[in-house]
Each structure stands twice: as C-alpha cells, then as structure tokens.
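Spelled out from the first residue to the last, the chains are:
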Amino acid sequence: ILPEGERGFNVAFWNVGSLRATLDKRSELLEKLVESTSRPEVIFLAEHKLQPGDALQTAEKDLFKLLPGYRAIWNCAEKKGYSGVVALLKEEVLGAMRPSSMKNKSVEVSTPEESLDRFEIKSCHRGLGIPPLAEEYNREGRVITLNFEKPNLYVVVAYVPNSGAGLKRIDYRLDTWERDMRAYIAKLEEEKPVAYLGDMNVAHLDEDIWNPDAKHLEKNAGTTTRERNAFSAMLDGGLVDGFRYFHPSVKGNYTFWSIRARNRPHNRGLRLDYTLVSESMVNGASPVQLADAYIVGDVCADFGDHCPVAMTVKY
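The structure presented is a predicted model; accordingly, all values stated were derived computationally and were not measured.

Rules of the game
- Residues numbered from 1 in each chain as written.
- Predicted model: local features only at pLDDT ≥ 70, side-chain atom pairs only at ≥ 80, totals over all residues.
- Heavy atoms only, no water.
- Helix = DSSP H or I, 4+ residues; strand = E, 2+ residues; numbered from the N terminus.
- Rg over C-alpha atoms; globule rule 2.2 N^0.38 Å.
- Buried < 20%, exposed > 50% of the residue type's maximum accessible area, 1.4 Å probe, protein only.
- Contact = heavy atoms within 4.5 Å.
- Areas by Shrake-Rupley, 256 points an atom, 1.4 Å probe, with all protein chains shown as cover.
- Lys, Arg positive; Asp, Glu negative; His and termini not counted.
- Charge placed at Lys NZ, Arg CZ, Asp CG, Glu CD.
- Expected span 1.5 Å × (residues − 1).
- Arc of directions from axis to C-beta.
- Core = buried A, V, L, I, M, F, W, Y, C linked by side-chain atoms within 4.5 Å.
- Pairing = 2+ DSSP bridges.
- Patch = residues over 30% accessible without salt bridge, like charges linked within 9 Å, V, L, I, M, F, W, Y side chains within 5 Å.
- Salt bridge = Lys/Arg side-chain N within 4 Å of Asp/Glu carboxyl O.
- Polar contact = N/O pair within 3.5 Å; in protein donor to acceptor, adjacent residues only side chain to side chain.

Take the overall build of the chain next. Per the secondary structure count, the chain includes six helices and 16 strands. On C-alpha atoms alone, the chain measures out to a radius of gyration of 18 Å, which is about the 20 Å that the 2.2 N^0.38 rule sets for 315 residues. If you line up the chain on its principal axes, its C-alpha atoms span 55 × 45 × 40 Å. Out of the 315 residues in the chain, the part that is buried amounts to 54%. Relative to all contacts within the chain whose residues are 6 or more apart in sequence, the contacts with residues 24 or more apart total 69%. Of the roughly 14000 Å² that the chain leaves accessible, carbon and sulfur atoms contribute 48%. Of the charged side chains in the chain, 41 are positive and 45 negative, and the gap between their average positions amounts to 5 Å.

Turning next to helix α3 (residues 54-66). For α3, built from 13 residues, the straight-helix expectation of 18 Å at 1.5 Å per residue is met to within 8% by its first-to-last C-alpha distance of 18 Å. Burial in α3 covers these residues: Leu56, Ala59 and Leu63. Each buried residue of α3 lies within a common arc of 65° when the element is viewed along its axis, so the set occupies one face. Those residues of α3 that are exposed and aimed more than 90 degrees away from the buried face are Asp54, Gln57, Lys61 and Lys65. On its buried side, α3 packs onto α1 (19-25), α2 (27-36), β2 (42-46), β3 (70-75) and β4 (85-90).

With 43 residues, the main nonpolar core has Phe44, Leu89, Leu146, Phe148 and Met311 as its most contacted residues. Counting residues per element, this core draws most heavily on strand β8 (residues 153-159), at four residues. The residues contacting Leu146, other than those within four sequence positions of it, are Val42, Phe44, Leu89, Ile121, Ser123, Cys124, Leu153, Tyr154 and Val155.

Here strand β1 (residues 8-15) lies mainly inside the structure; seven of its eight residues are buried. Where β1 and strand β16 (residues 309-314) come together, six bridges link them in antiparallel fashion. Of the residues in β16, the one forming a bridge with Phe13 is Val309. Sheet topology note: the β1/β2 ladder contains five bridges and is parallel. Residue pairing across strands places Trp14 opposite Leu45, the latter belonging to β2.

On the surface, Glu28, Glu31, Glu35 and Asp302 cluster together to form a negatively charged patch. Tracing the chain through its elements places Glu28 in helix α2.

This next bit is on the side chain of Thr312. Mapped onto the elements, Thr312 comes out in strand β16. Relative accessible area serves as the criterion here: at 12%, Thr312 is assigned to the buried category. Here the side chain of Thr312 touches Asn10 through a polar contact of 2.5 Å, side chain to side chain. Look past the residues within four positions of Thr312 in its chain and what remains in contact with it is Phe9, Asn10, Gln289, Leu290, Ala291, Asp292 and Tyr294.

Structure follows, in structure tokens:
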C-alpha cells in the first residue's frame with residue numbers, strides 16, 4: 001500500500017511456454033496472476049508461440065474473455081510455434097487501436113482522455129532497437145518497448161535467446177544480443193529511466209541456483225560463467241536487479257523448475273526471470289521509484305517450468 005498522494009503502476013511478466021496450452025489447460029493460473037499482482041496495468045506474456053492469423057485471433061478472444069478490460073500488442077516470430085511476446089495493457093492505459101499489420105514495428109497508441117490524469121502512453125515499438133536492428137533475434141519476436149509519459153519511463157520486455165543445447169548459440173547470445181541490448185538500454189536511459197523485464201535465461205548468482213556447486217553448470221545454458229558475467233555487465237551499466245535490491249541475500253527463491261525432472265515439489269530451481277530498473281529508480285534521482293519487485297511463486301504448473309515476476313513503481 002503506497003502512502004497517500006503517491007500513485008502506483010504495476011507490471012507483471014510470465015513466460016507461459018505456449019499461450020494456447022495455458023489457455024486450454026491452466027487458464028486459472030492467468031486469473032490467479034492478475035489477482036496476485038493487483039490487476040496490473042501491464043502484463044507481459046512470453047513464449048506465446050503464435051503467429052498472425054486465425055489461431056492468434058482465437059487466442060486473443062479467449063484471453064480477453066478470461067481477462068476482460070485489457071488490450072493486446074503482439075510481437076511474433078517468423079518461425080511457426082516459436083518464441084513471441086505480447087503486452088496486455090489495461091483499457092484505462094491503452095485506448096482502442098486501429099487495425100494494423102504485425103509488420104509495422106511502431107504501433108500507434110494513445111491513452112483514453114478520461115485517464116490522462118493518471119496514465120499516458122506515448123509510443124510502442126516491436127523489436128530491439130528503434131528502428132529494429134537487422135539481426136536474427138528481431139525475426140524471433142523477442143522484444144516490445146512501451147514509452148510512457150505517466151509514469152515517465154520506458155518499459156522493455158524481452159525473451160532473451162537461450163544459449164541452447166551444447167551451448168551452440170552462446171556466442172551469438174553474448175556477442176550480439178547482449179551487446180545490442182546493453183547499448184539499447186543505455187540509449188533509452190539518456191531520455192528517461194528504464195524498467196527491463198523478462199526471461200533473461202541466466203541464473204546470475206549462486207543464490208539463484210539450487211545446486212551452485214554442481215560440476216555440470218559450465219556445460220548448461222543459463223548457468224555458465226560467461227552468461228553470468230554478461231548479466232553482471234548489464235547491471236554494471238547502470239541497472240539494478242529489483243528482487244535483489246529488496247532481498248539481497250535470500251536463497252531458494254526461484255522462477256524456473258525443470259518439468260522433465262519434476263523439480264518444483266523439491267524446489268530444485270533457478271532464478272531466470274527478472275525485473276531490472278535504472279539506478280535512478282532506487283536512489284531517489286527520478287520521480288519514478290521502484291516500490292516493490294517480487295516473485296509470484298504460487299502461479300506455476302504443479303511440476304514446474306516458469307512462474308511470473310512483478311514490480312510496482314510509484315510516481
């Protein structure tokens with residue numbers, strides 16, 4: 001609960017690992033997510049695995065039936081059944097939109113006039129970079145950037161490329177994606193603070209790994225020293241790990257558990273999903289400040305996969 005006179009803005013993120021399957025088999029978890037995060041102004045869902053067409057339109061219709069009062073902005077991979085992120089924004093934040101092609105990387109957005117005393121969205125962009133960089137990851141539907149005037153910040157969501165089996169994509173992920181995302185965030189921060197949320201596909205600290213002494217970690221995507229050091233470099237560039245800001249040394253707080261190994265009942269997990277914010281959002285330098293960042297651990301399939309993370313900013 002925020003002090004009188006301060007406004008709150010809630011943002012949640014969840015890698016659903018197939019939106020269609022979540023709607024068909026675990027729809028109650030989407031409802032629980034909304035309840036557990038104070039019906040957030042923005043909900044990001046990653047790995048929706050949908051492409052423009054009838055299946056996406058049907059999923060959107062089912063989603064709005066389940067979660068009335070939201071509008072959607074999609075970014076989809078070119079490859080069928082792969083990746084993709086969607087931003088769900090409350091109707092008070094995002095007014096009705098004109099139909100437009102998914103190929104349009106800039107989305108025409110506005111806030112309803114009656115809500116302008118509390119919220120104002122200025123622009124929305126699909127892809128990493130404005131305009132998007134001509135890179136492979138921008139054909140995979142991984143990034144959406146929301147530019148708000150109220151609260152005055154950028155909110156970026158990303159489904160970070162996994163380094164893959166046998167670490168076959170680790171060089172691309174670290175040398176291209178990480179380089180470009182650091183530069184992109186730094187460019188946005190020249191204008192205003194940035195909140196960067198998503199499945200970062202890395203467990204940063206030993207406290208973020210259930211078995212930090214295991215010898216196989218250097219062979220597994222998300223737990224190699226190279227990936228963890230790259231995440232440190234992102235933080236050294238001026239971002240703060242919101243969860244660790246409030247809980248610097250806690251252990252056993254994870255956001256991912258292997259389904260194959262049925263690890264969730266034993267809490268053998270990794271923290272792969274994050275809410276990062278500009279340093280100015282925790283040191284008082286910005287009028288927009290981080291009020292909370294947390295893991296929504298009770299929203300997850302019984303045997304594992306990802307659970308959501310969320311944050312509240314005050315302004």
